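Each chain, letter by letter, is given below.
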Amino acid sequence: MVRKFSRQRESIKRNLLERRDHPTADMVFADIRKEYPNVSLGTVYRNLSLLADEGEILKLKSLNGADHFDGNKTPHHHFICKHCGGIQDVFLPDPDSSFIPTELAEQIQGTVTECTITFSGICKSCDNGHLS
């Protein structure tokens, strides 16, 4: 299905491609309103969902319940802080299916086409030396 071009959707996608902070829909909405003052929050949510469903952006589940979005589609993983909810990109060597240990690959009844790993813990900013 060919979808109609939307300046607002392209602005949302461009916004995500230009940032590295894994924003929520509300954060994207605040930015998009600067360019399109009449855009609704619903429009931003719908377009983020559409872009994620079509594989043009990544939709990340966070620990605080709000979805976050990532315009970086190069193979990578994420670290989510359990305290502040911040999300960081994590790049591992050779992130394709050869990264999967043989023992795990033997349990999979099919061909692995992608692998996403989410690490969680306490980020350096929140740690403040309390964890060793």
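Attention in this report is confined to the structure presented alongside it. Just so it is clear, the model here is predicted, and its values are computed rather than measured.

This part is about helix α1 (residues 7-17). Buried residues of α1: Arg9, Ser11, Ile12, Asn15 and Leu16, and no others. For α1, the angular spread of buried residues about the axis comes to 160°, placing them on one side. Each element contacted by the buried residues of α1 is listed here: α2 (25-35), α3 (41-53) and β2 (67-70).

Attention now goes to unusual backbone geometry. One non-glycine residue, His22, lies in the positive phi region at around 55°. When you line up the elements, His22 lands in the loop between α1 and α2.

What follows deals with the pattern of salt bridges. Considering all chains together, one arrives at seven salt bridges under this definition. Residue Lys13 pairs with Glu56 through a salt bridge whose shortest N-O separation is 2.7 Å. In this pair, Lys13 sits in helix α1 while Glu56 sits in the loop between α3 and β1 (58-61), placing the two residues 43 residues apart along the sequence. With a relative accessible area of 18%, Glu56 lands in the buried category. A salt bridge links Asp31 to Arg19; the nearest nitrogen and oxygen atoms lie 2.6 Å apart. Taken as a pair, Asp31 in helix α2 and Arg19 in the loop between α1 and α2 lie far apart in primary sequence, twelve residues in all. On the accessibility criterion, Asp31 (25% relative accessible area) is partly exposed. With a relative accessible area of 16%, Arg19 lands in the buried category.

This next bit is on the sheet that holds strand β5 (residues 118-121). Taken together, the three strands give an open sheet; going across it, the order is β4-β3-β5, and neighbouring strands pair in mixed fashion. In the strand order of this sheet, the two ends are held by β4 (87-90) and β5, each with one partner. With strand direction ignored, the average angle separating the axes of adjacent strands in the sheet is 25°. Where strand β3 (residues 77-81) meets β5, four bridges bridge the pair, whose relative direction is parallel. Opposite Phe79, over in β5, you have Phe119 as the bridge partner.

Moving on, we come to α3. Its 13 residues give α3 an end-to-end C-alpha distance of 18 Å, which sits within 8% of 18 Å, the value for a rise of 1.5 Å per residue. Of all the residues in α3, the buried ones are Thr43, Val44, Asn47, Leu48, Leu51 and Ala52. Within α3, the buried residues cover an arc of 160° as seen down the axis, which keeps them to one side. More than 90 degrees from the buried face of α3, the exposed residues found are Arg46 and Asp53. On its buried side, α3 packs onto α1, α2, β1 and β2. With its phi angle positive at about 75°, Gly55 sits one or two positions after the end of α3.

Thresholds applied
- Residues numbered from 1 in each chain as written.
- Predicted model: local features only at pLDDT ≥ 70, side-chain atom pairs only at ≥ 80, totals over all residues.
- Heavy atoms only, no water.
- Buried < 20%, exposed > 50% of the residue type's maximum accessible area, 1.4 Å probe, protein only.
- Helix = DSSP H or I, 4+ residues; strand = E, 2+ residues; numbered from the N terminus.
- Arc of directions from axis to C-beta.
- Contact = heavy atoms within 4.5 Å.
- Salt bridge = Lys/Arg side-chain N within 4 Å of Asp/Glu carboxyl O.
- Pairing = 2+ DSSP bridges.
- Axes fitted to C-alpha atoms, helices over the stretch in contact; angles between N-to-C directions.
- Expected span 1.5 Å × (residues − 1).

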